[in-house]
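Report on the structure
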Amino acid sequence: MDISTIESTLTVGEAAERVGLTTYTLRWYEQEGLVAPVGRDSAGRRRYTSGDVDWLFLLTRLRRTGMPVRDMRRYAELARQGDRTLAARRALFEAHRARVLARMAELEEDLKMLDHKIDAYRRAEESQPSVCVAR
C-alpha cells in the first residue's frame, strides 16, 4: 500500500530507534508476521505510523517479559482477526502474566540470596583488622 499521508510517518531507522530495536530486528518482526505489512512511500520505502509504533512498543514489552515469539505471533494473528478473538487474546495474556509472576517470585528469591551474600562479605570485611600500608 502506498501511503501519501497527512499523518507524519517514520522511516525504518527512526521507528527502530523510537522503540529500541535494531532495523534488522524490526524487519525480522515483520517477516515473522508479528507486524502487519507496513505502508510504503512512493519510492517503496517502509513508513511507520504512530499505530505501527504503538504495536511495536507492545511487542517489545511482551518480548522483554519473556513471551515466546510463537505466542507473540499467535497474539498478532488473533488481533488481526478482530473482536471475535478478545477472549482468546485475554487468555493468552493471562497465561503469560502467570509465567511473569512466577519468574518475578523466582527473581525475588534470587535477590534475597544475593543480599545475604553481600551482607556476609561486608561483615567479613569489617571484621578484618585494618592493614597499614607504608608509603
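Only a predicted model underlies this, so the values are computations on that prediction, with no experimental measurement involved.

1. Here we look at the overall build of the protein
Of regular secondary structure, the protein possesses 5 helices and 0 strands. Counting from the amino terminus, the protein carries its helices and strands in the arrangement α-α-α-α-α. The C-alpha atoms of the protein give 24 Å as radius of gyration, which overshoots the globular expectation for 135 residues (14 Å, by more than 25%). Its C-alpha atoms give the protein principal-axis dimensions of roughly 75 × 45 × 25 Å. Burial analysis of the protein (135 residues in total) assigns 28% to the buried set. Taking contacts inside the protein between residues at least 6 apart in sequence as the whole, the part at least 24 apart equals 53%. Separation of charge centres in the protein, based on 24 positive and 21 negative side chains, amounts to 2 Å.

2. Remarks on the confidence of the model for the protein
Residues shown with low pLDDT carry predicted positions that ought not to be read at fine detail. Averaged over all residues, the pLDDT of the protein is 91; the fraction at 70 or higher stands at 91%. Considering each helix and strand of the protein separately, the mean pLDDT is smallest for helix 2 (residues 23-31), with a value of 92, and largest for helix 5 (residues 86-127), with 97.

3. Observations regarding the pattern of salt bridges
Working definition: two side chains of opposite charge can pair if their charged atoms are close together. Applying the stated rule across the entire model yields 9 salt bridges. Note that Arg46 is salt-bridged to Glu30, the shortest N-O span being 2.7 Å. In this pair, Arg46 sits in the loop between helix 2 and helix 3 (50-64) while Glu30 sits in helix 2, placing the two residues 16 residues apart along the sequence. Take Glu30: its relative accessible area is 15%, and that puts it in the buried class. A salt bridge links Glu32 to Arg73, with the nearest nitrogen and oxygen atoms 2.5 Å apart. Of this pair, Glu32 sits in the loop between helix 2 and helix 3 while Arg73 is found in helix 4 (residues 69-80), placing the two residues 41 residues apart along the sequence. The class for Arg73 is partly exposed, based on a relative accessible area of 26%.

4. Brief notes about the nonpolar core
Judged by nonpolar contacts, the single largest core of 21 residues is most densely connected at Tyr29, Tyr48 and Leu56. Secondary-structure elements contributing two or more residues to this core are helix 1 (12-19), helix 2, helix 3 and helix 4. In this view, Tyr48 contacts Thr9, Leu10, Thr11, Val12, Ala15, Leu26, Glu30, Val38, Val53 and Leu56; residues no more than four positions away in its chain are not counted.

5. Overview of the environment of Arg84
With respect to the secondary-structure elements, Arg84 resides in the loop between helix 4 and helix 5. Arg84 gets classed as exposed once you look at its relative accessible area, which sits at 69%. Sequence separation between Arg84 and Gly39 is 45 residues, and the spatial gap between their C-alpha atoms is 26 Å.

6. Focus: the environment of Ala88
On the secondary structure map, Ala88 appears in helix 5. Along the sequence, Ala88 and Leu78 sit 10 residues apart, while their C-alpha atoms lie 7.5 Å from each other.

Each value, and the rule that gives it
- For every chain, the first residue of the written sequence is number 1, and numbering continues from 1 along that sequence.
- At least 70 in pLDDT is required for a residue's local features to be given in this predicted model, at least 80 for side-chain atom pairs to be given and counted, and no such filter applies to totals for whole chains, interfaces and linings, which use all residues.
- Note: side-chain values were computed over all heavy atoms of the structure, leaving out hydrogens and water.
- Helix and strand assignments come from DSSP, with helices taken as H or I runs of at least 4 residues and strands as E runs of at least 2, each series counted from the N terminus.
- The quantity called the radius of gyration is restricted to C-alpha atoms. Its globule counterpart is 2.2 Å times the number of residues to the power 0.38.
- Remark: exposure states derive from per-residue accessible area (1.4 Å probe, protein chains only) relative to the maximum for the residue type, with buried under 20%, exposed over 50%, and partly exposed in between.
- Any two residues having at least one pair of non-hydrogen atoms within 4.5 Å are treated as being in contact.
- The sign given to each residue is positive for Lys and Arg and negative for Asp and Glu; His and the chain ends receive no count.
- Think of each charge as sitting on NZ of Lys, CZ of Arg, CG of Asp or CD of Glu.
- Every residue gets a pLDDT, meaning the predictor's confidence in that residue, from 0 to 100.
- Salt bridges are defined as contacts in which a side-chain nitrogen from Lys or Arg sits within 4 Å of a carboxyl oxygen from Asp or Glu.
- Take the buried residues of types Ala, Val, Leu, Ile, Met, Phe, Trp, Tyr and Cys, join any two whose side-chain atoms come within 4.5 Å, and each joined set is a nonpolar core.

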